[in-house]
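Results of the structural survey
Listed below, chain by chain, are the residues.
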Amino acid sequence: QVQLVESGGGLVEAGGSLRLSCAVSGRTFSSYAMGWFRQVPGKERTFVATISWISGDTYYADSVKGRFTISRDNAKNTVYLQMNSLSPEDTAVYYCAANPANQVVPARWAFDYWGQGTQVTVSS
């Protein structure tokens, strides 16, 4: 089992920045790929970014490319999502997820473990 706990969400003005954190614990997670997804009420959960814990390879959704950065800190067992130039369209609940197959793919089906989510609200 892998446990994921997100933090860092909140309210920010358009153009501002936030950094989300995902504390990871459990067996063998260091061989996983990690990802961030987001969901707006009434809509499907969508892919944001993913990173291989081993290689550091990353992949981003087009909507966040150049504004968001995913990273991991092996010593702290934590994955981050640095979000810059935020817009109201980025408002959502953000979820951290773990992919045991270590596939750097933008696919929800590849992720087996999920956190509880953290709310990000961007005001205009």
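What comes next concerns the included structure.

The rules behind each value
Residues numbered from 1 in each chain as written. Predicted model: local features only at pLDDT ≥ 70, side-chain atom pairs only at ≥ 80, totals over all residues. Heavy atoms only, no water. Pairing = 2+ DSSP bridges. Helix = DSSP H or I, 4+ residues; strand = E, 2+ residues; numbered from the N terminus. Axes fitted to C-alpha atoms, helices over the stretch in contact; angles between N-to-C directions. Salt bridge = Lys/Arg side-chain N within 4 Å of Asp/Glu carboxyl O. Buried < 20%, exposed > 50% of the residue type's maximum accessible area, 1.4 Å probe, protein only.

**Topic: the sheet that holds strand β1 (residues 2–7)**
- Taken together, four strands build an open sheet; the order of strands is β1-β3-β8-β7 and the sheet is antiparallel. The open sheet is flanked by β1 and β7 (68–73), the only strands paired with a single partner. Across the sheet, the axes of successive neighbouring strands diverge by a mean angle of 20°, strand direction being ignored.
- Bridging between β1 and strand β3 (residues 18–26) involves six bridges; their strand directions are antiparallel. Looking across to β3, one finds that V2 is bridged to G26.

**Quick notes on the pattern of salt bridges**
- Counted under the stated rule, the structure contains three salt bridges.
- Among the salt bridges present, the one from K65 reaches D62, with a minimum N-O distance of 3.1 Å.
- A salt bridge links R67 to D90; the shortest N-O distance between them is 2.8 Å. Placement of the pair is R67 in the loop between β6 (58–60) and β7 and D90 in the loop between β8 (78–83) and β9 (92–99), with a sequence separation of 23 residues. Grouping residues by exposure puts R67 and D90 together as buried.
- Linked by salt bridges that have partners in common, R38, R67 and D90 make up one network.

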